[in-house]
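Structure at a glance
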Amino acid sequence: MTKEKRFFLIFVLAVMVMVGKTSYAQPESDADRTLSPYFLVQSDVPDLDRLPLKSTHADVKISGVIADVKVTQVYKNEGKKPLEAVYVFPASTRAAVYGMKMTVGERTITAKIREREQARREYNQAKQDGKSASLLEQHRPNVFQMNVANILPSDVITVELKYTELLVPTDTVYEFVYPTVVGPRYVDPASHETRSTETWTANPYLHQGSPPTYSFTMNVDISAGLPIKDIICPSHEIRVDYKGPAFARVHLNPSEKHGGNRDFILKYRLAGGKIETGLLLFEGENENFFLLMMQPPKKVLQNQIPPREYLFIVDVSGSMHGFPLNISKKLLKDLIGNLRSTDRFNVLLFAGSSHLMSENSLPATQENITRAINTIERQRGGGGTRLLPALKRALSLPKTQGHSRSIVIATDGYVSVEAEAFDLIRNNLGNANMFTFGIGSSVNRHLIEGMARVGMGEPFVITNPEQAPETANKFRKLIESPVLTGIEVDFGGLEVYHVEPPSIPDVLADRPVIVFGKWRGRPRGTISLKGFTGEHPFSKKVDVSKITPLKTNSALRYLWARHRIALLDDYNRLNREDERVKEVTNLGLTYNLLTAYTSFVAVDTRVRLEDGQAVTVKQPLPLPLGVSDYAVGESRSFAGKSASSFAAGPLVSGMKNQVVEESLERKKEDRSTCEPETDASIRDKKHVELGNVTVSDGLSDRSVQDLMKKYLHDFNRCYQNALKKQPRIKGNVVFKITIDGAGGVLNIQLDKDDVNDKTFERCMLKKLKELQFPPSKQRKNSVIVVTFVLK
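Numbers given to residues run from 1 along each chain, matching the order in which its sequence is written. Per-residue local features of the predicted model are confined to residues with pLDDT of at least 70, and side-chain atom pairs are confined, for both listing and counting, to 80 or more; whole-chain, interface and lining totals are unaffected and use all residues. Side-chain measures here rest on the full set of heavy atoms in the structure, leaving out hydrogens and waters.

**What about the sheet that holds strand 27 (residues 485–490)?**
Just so we agree on the cut-off: Two strands are said to pair when DSSP picks up at least two bridges between them. Helical segments are the DSSP runs of H or I of at least four residues, strand segments are the runs of E of at least two, and each set is numbered from the N terminus. To get an axis, a line is fitted to the C-alpha atoms, and for a helix only the part in contact is used. The angle between two axes follows their N-to-C directions and goes from 0 to 180 degrees.
With respect to topology, three strands assemble into an open sheet ordered 27-30-31, the strand pairing being antiparallel. If you trace the sheet from one side to the other, it starts and ends with strand 27 and strand 31 (536–543), each paired once. Strand-to-strand twist of the sheet, defined as the mean angle between neighbouring strand axes without regard to direction, takes the value 10°. Of the pairings in the sheet, the one linking strand 30 (residues 526–533) to strand 31 comprises eight bridges and is antiparallel in character. Directly across from Leu529, in strand 31, lies its bridge partner Lys540.

**Notes on helix 8 (residues 467–479)**
Which entries qualify depends on this criterion: Here, expected helix span is obtained from the residue count minus one, scaled by 1.5 Å. By definition, residues are in contact when any of their heavy atoms lie within 4.5 Å.
With 13 residues, helix 8 should reach 18 Å at 1.5 Å per residue; the first-to-last C-alpha distance of 19 Å fits that figure. If you follow the buried residues of helix 8, they end up packed against strand 20 (308–315), helix 3 (323–337), strand 24 (404–411), strand 25 (433–439) and strand 26 (459–462).

**With respect to the sheet that holds strand 15 (residues 238–244)**
The strand order 6-5-10-3-2-13-16-15 describes an open sheet built from eight strands, whose pairing is mixed. Looking at which strands have only one partner, the edges of the open sheet turn out to be strand 6 (107–110) and strand 15. For this sheet, the mean inter-axis angle between neighbouring strands, taken without regard to orientation, is 15°. The pairing of strand 2 (residues 53–63) with strand 3 (residues 66–76) spans ten bridges and is antiparallel. The partner of Ala58 across the bridge, within strand 3, is Val71.

**A short note on the pattern of salt bridges**
If charged atoms from side chains of opposite charge come close, those side chains can pair. Put simply, the test is: Here, a salt bridge means any Lys or Arg side-chain nitrogen found within 4 Å of an Asp or Glu carboxyl oxygen.
This model, assessed by the stated rule, comprises 25 salt bridges. For Asp221, the salt bridge identified is with Lys61, shortest N-O distance 3.2 Å. Of the two residues, Asp221 sits in strand 13 (residues 215–223) while Lys61 sits in strand 2, which places them 160 residues apart along the sequence. Connected through salt bridges with shared partners, the residues Asp59, Lys61, Asp221 and Arg249 form a single ionic network.

**Observations concerning the packing of aromatic side chains**
Note the threshold: Pairing of aromatic side chains here covers Phe, Tyr and the six-membered ring of Trp, requires ring centres within 6.5 Å, and sorts the geometry by plane angle: under 30 degrees stacked, over 60 edge-to-face, intermediate tilted. Three labels apply to residues, based on accessible area from a 1.4 Å probe with only protein chains included: buried if under 20% of the type maximum, exposed if over 50%, partly exposed otherwise in between.
Enumeration over the complete set of coordinates arrives at 19 aromatic pairs. Ring centres of Tyr310 and Phe312 lie 6.0 Å apart, and the angle between their planes is 20°; this geometry places the pair in the stacked category. Residue Phe312 is classed as buried on the basis of its relative accessible area of 2%. With a centroid separation of 5.1 Å and 80° between ring planes, the pair formed by Phe435 and Phe475 is classed as edge-to-face. Of the two residues, Phe435 is situated in strand 25 and Phe475 in helix 8; the sequence distance between them amounts to 40 residues.

**Section: the packing of helix 3 against helix 8**
For clarity, the threshold we go by: Throughout, the term roughly parallel applies to angles under 35 degrees, roughly antiparallel to angles over 145, roughly perpendicular to angles from 65 to 115, and oblique to all others. Two helices that cross are described as forming a left-handed crossing if the nearer one is turned anticlockwise from the farther one by less than a right angle, and a right-handed crossing if clockwise.
Relative orientation of the contacting elements helix 3 and helix 8 amounts to 40°, with a least axis distance of 9 Å. One finds that helix 3 runs oblique with respect to helix 8. As for the relative orientation of helix 3 and helix 8, their crossing is right-handed in sense. Here Lys330, Leu331, Asp334 and Leu335 of helix 3 lie close against helix 8, whose contacting residues are Ala468, Pro469, Ala472, Phe475 and Arg476.

**A few points about the pairing of strand 5 (residues 96–104)**
Of all nine residues in strand 5, seven are buried; the element is thus mostly enclosed. Pairing geometry for strand 5 and strand 10 (residues 156–166), over eight bridges, is antiparallel. Across the sheet, the residue bridging to Lys101 is Glu160, located in strand 10. Alignment of strand 5 against strand 6, held across four bridges, turns out to be antiparallel. Looking at the pairing, Val104 lines up with Arg107 of strand 6. Hairpin connection, strand 5 to strand 6: the antiparallel pair is bridged by two residues, and Gly105 has positive phi, about 65°.

**Considering the environment of Pro211**
Relative to the elements of secondary structure, Pro211 occurs in the loop between strand 12 (204–205) and strand 13. Given a relative accessible area of 48%, Pro211 falls into the partly exposed group. Residues Pro211 and Asn261, spaced 50 residues apart in sequence, show a C-alpha to C-alpha distance of 7.2 Å. Here Pro211 is in contact with Leu206 and His258, once residues within four sequence places are set aside.

**A look at the nonpolar core**
Convention followed: Take the buried Ala, Val, Leu, Ile, Met, Phe, Trp, Tyr and Cys residues and link them wherever side-chain atoms come within 4.5 Å; each set so joined is a nonpolar core.
With 89 residues, the main nonpolar core has Leu136, Phe176, Tyr178 and Phe264 as its most contacted residues. No other element matches helix 9 (residues 555–574), which puts eight residues into this core. Apart from the residues within four sequence positions on either side, Phe176 is in contact with Val60, Ile62, Ala67, Val69, Tyr163, Glu165, Leu167, Phe264, Ile265 and Leu266. Counting 36 residues, the second-largest nonpolar core is a separate cluster that includes Tyr310, Met357, Phe435 and Ala472.

**Re unusual backbone geometry**
Each neighbour pair has its own omega, and for Glu500 with Pro501 the value is -10°, a cis peptide bond. Tracing the sequence through the fold places Pro501 in the loop between strand 28 (495–500) and strand 29 (513–520). For Asn150, which is not glycine, the phi torsion reads 55° and is therefore positive. In this structure, Asn150 sits in strand 9 (residues 143–151). A relative accessible area of 1% means that Asn150 is categorised as buried.

Listed below in structure tokens is the structure:
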């Protein structure tokens, strides 16, 4: 058989194999399942509708400070096979999802809230019985998944979900954001942190620049209560119709029909720079809820600002060794070096234990600033980490009279943080402002943002040294002119409970003071807000007896419960406890809310699919605007009907068929005989492989191998950058890495180098220094020897 005939036969076999696949290349076994995103692969199956979602419409009604959103998704099966549609979509992290309905033909089924596993069982049973059903689940606080079962040919099924959220203005600007698409995310299947709820990341994507396959429309009604001054939409083209001074209707321009590849952002101001303030009351059957929103005074003059005290708590543990600690040093030199002469400060370094610069805060003299910088500069990083003792020590320090205290925590987030640390932060909101700086290229954002949330402060993340001055400047601008300090709220004769927040930190920007919770009895008494603006006392009062509870304020119950759930979720990320899970579940069931442990399920009573099995189709998502194909994968992951489309690369589930691999390899061999090898074509073939890995006692070979495999993409970039200067390098490189008991890198030596390329060496040393290895069982130093093979 000639080479051409052999290739043609293999190619035909490959096509036959792929025709049997679904449009998203469903993996054949759980063993092959990947948790990576992949590109949609089109196959020649004309009777299968791969794009069941036809349209998404959002109807938004903003009344004062509350946005109520109704999202309508329309699914239609234009093929000849029954379908189950799976659609992953985002929402605001502040959204309280409180309702869902499904319409099949002329029948509308209202979804019920169930515990997550029970909802999934009811949905699967309905799917098996041939009934139409829909299931709404939360994978993350801002990532949801809709499943719609048994969509028969020509069926149109409409699913409607409702959520509400609070709009909090900053510097008198209100902002409403409607997220439209979930970007590609990766989860390491071998990671001990991987959960079954993370399987949504294995989702198909369209290519860069491809518009969404479904239409996107939106209407926004703004009933502000006060005259509206400006309305802008930086993300989309809109048309604004004013129905009066305080009412406006916003429509998407028809040209934005496929604008669902970027978040919709709407901003507006009220006339005179005012914000909606006052007291909202809701009286329910069993519980009553309130929301107090009061506008602070305008920013004060610089000479009226009270002096400030800063406590810098700096992580110097093993994981901070090298690159992260160097960023911390640069950041703190910038922050401490720019303090005002009237300010005071202190530095607390922590790892397994802590070191305090001074028992009392020091004046920001040049001598003390130099001493602090020298103390930080001497740190090299090492040892384990516990934040709680450091926090306790910082908060126990005597407070300087007449100074506004701020605590700044700088860490990579890979620290032991007990739930008590969150309690400590929450219970001291009135004593100090809390700010977190995440330092390093792979920050534990859950922890950094969680500490900022419970502390009602701002999180900052710095991934490289060049960002340090800019981020420090941003921080200084935020805190340089606090508009209200020493805040106290007195509820007078109104009996309140379950109040959030428990106390109020300084207001550092022109944003309202917000307090919400529950109340009993009759609405009466006077609520007083007191504090200091600059050097002068400030006071505002609300006569509760003049406020009428309104049924239209029913969203307050959802917003209170959502805030409580978000707080419990932050604690559960530290340490999941059954009691907290139970409380979140009960909150979801009691207040009819979607949570990580409760889901909405709607089941039609009619059996519509008598026999046969529906084909599951994952709705492909557009890449977010400006995101390239590299976010999904650099290899052969391309959609289409040409031969190359069947090689969707290693990121595509189920694409490991040997016949396909052989046909592609044969095709590459044929091409190589007639095309000269350029530097670019040589680079395309080259890659880094992980060779032999040996570790000393206390670590497992597997855990280190898994970590190295996770970062092979970064190591390949080092190789590709080196190949641009020297396209024909190859060989083995061996590194000897010494790590401390906490898994931080202490030292790296180049043990063997066949390559002898400085560009590659420098890049690899930098990448390896940034790694955080698993801690050793004996909590002592370990040595790892790893070989990289450059092919």
